[in-house]
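# Residue-level structural notes
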Amino acid sequence: AFSLYQEAWDQGDAMAGAMIGTMYVNGLLGEENRGKGISYLKQSASEGCIDGVRELGSCYLEGKGVPVDEEKGLSFLEEAAHEGDGESYTRMGCYYLEKKDARRAYDAFMKAEELGNGNGEFYLACFYLHGTVVPRNLRRAEELFRRSAEKGVQPAVDMLKEHFYSE
C-alpha cells in the first residue's frame, strides 16, 4: 500500500500524504519515524486534506511526533469537524472523556452521529446504555449500537451480543 500511496503523493494527491504520514507516525511501516510522518501530515493539511488536518490534530493531543499542545490539537480537530468530518468529532469526544467532561463528550458524539460516524454512534450508544448525561434509554442504545455495528465497528457488535442478544 505504501508504494501506491507514495506514487499518488508524487502525483499531487494530498490524501495519500495523509495516509503516508499516519503510517509513519504510528510505525506501520516497520519503523516509527514520527518526524517524517508529521512532515507529511503538515503538508497534506496545508493542501486542504481534511484527513491530514484530523490526524495532525490527534498527534498534537497525544504528543505523537510533536509536543503535546491541546489547544492546537483541538483547533485542528475542530477545523476538520466543521468541514463535515465525523471522525474528528469522535476524537474530540474521546478527548473530553479522558478529561472527565462527559457533557462536552456527549455533544461531540452527537455531532459525529449526525454525520453518520460509526465510532461516534458507538460512544453515544454507551451514553444511552449507562444513562450518562442523558436518561438511560435501552432502545436508543440498541439502535445506535446496531447502526455502528453495520459500519463495521467491532465493539458495537460485542455490545449488542452482550447486552441485547442472548446466544
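Residues numbered from 1 in each chain as written. Predicted model: local features only at pLDDT ≥ 70, side-chain atom pairs only at ≥ 80, totals over all residues. Heavy atoms only, no water.

## A short note on the environment of Val153
You can see Val153 is positioned in the loop between helix H9 (138–150) and helix H10 (154–163). Taking the C-alpha atoms as reference points, Val153 and Glu121, separated by 32 residues in sequence, lie 9.4 Å from one another. (Helix = DSSP H or I, 4+ residues; strand = E, 2+ residues; numbered from the N terminus.)

## Section: the layout of surface pockets
In this structure, the largest pocket occupies an estimated 310 Å³ of space. Along the walls of the largest pocket sit 18 residues, with Ser58, Cys59, Leu61, Glu62 and Arg91 positioned nearest its centre. Only helix H2 (14–25), helix H4 (50–62), helix H5 (70–82) and helix H6 (86–98) provide two or more residues apiece to the lining of the largest pocket. When the residues that make up the lining of the largest pocket are grouped by side-chain class, the tally is seven nonpolar, three polar and eight charged. Its boundaries defined by the atoms lining it, the second largest pocket holds a volume of some 160 Å³. (1 Å grid on protein atoms, 1.4 Å probe; cavity = no way out; pocket = protein on both sides within 12 Å on 5 of 7 lines; lining within 4 Å. Points joined across faces, edges and corners; volume = space filled by probe spheres on them. Nonpolar A, V, L, I, M, F, W, Y, C, P; charged D, E, K, R; others polar.)

## Topic: the packing of aromatic side chains
Throughout the structure, instances matching the rule amount to twelve aromatic pairs. Judged by centre distance (6.3 Å) and plane angle (65°), the rings of Tyr106 and Tyr128 are edge-to-face. Note that Tyr106 is positioned in helix H7 (residues 102–114) and Tyr128 in helix H8 (residues 118–130), a separation of 22 residues in sequence. Aromatic pair Phe145 and Phe164: ring centres 6.2 Å apart, planes at 55°, arrangement tilted. You can see Phe145 sitting in helix H9 and its partner Phe164 sitting in the segment after H10, a full 19 residues away along the chain. Each member of the aromatic cluster is reached from another via a ring pair, and the members are Tyr106, Phe109, Phe122, Tyr123, Phe127, Tyr128, Phe145 and Phe164. (Phe/Tyr/Trp six-rings, centres within 6.5 Å; stacked < 30°, edge-to-face > 60°.)

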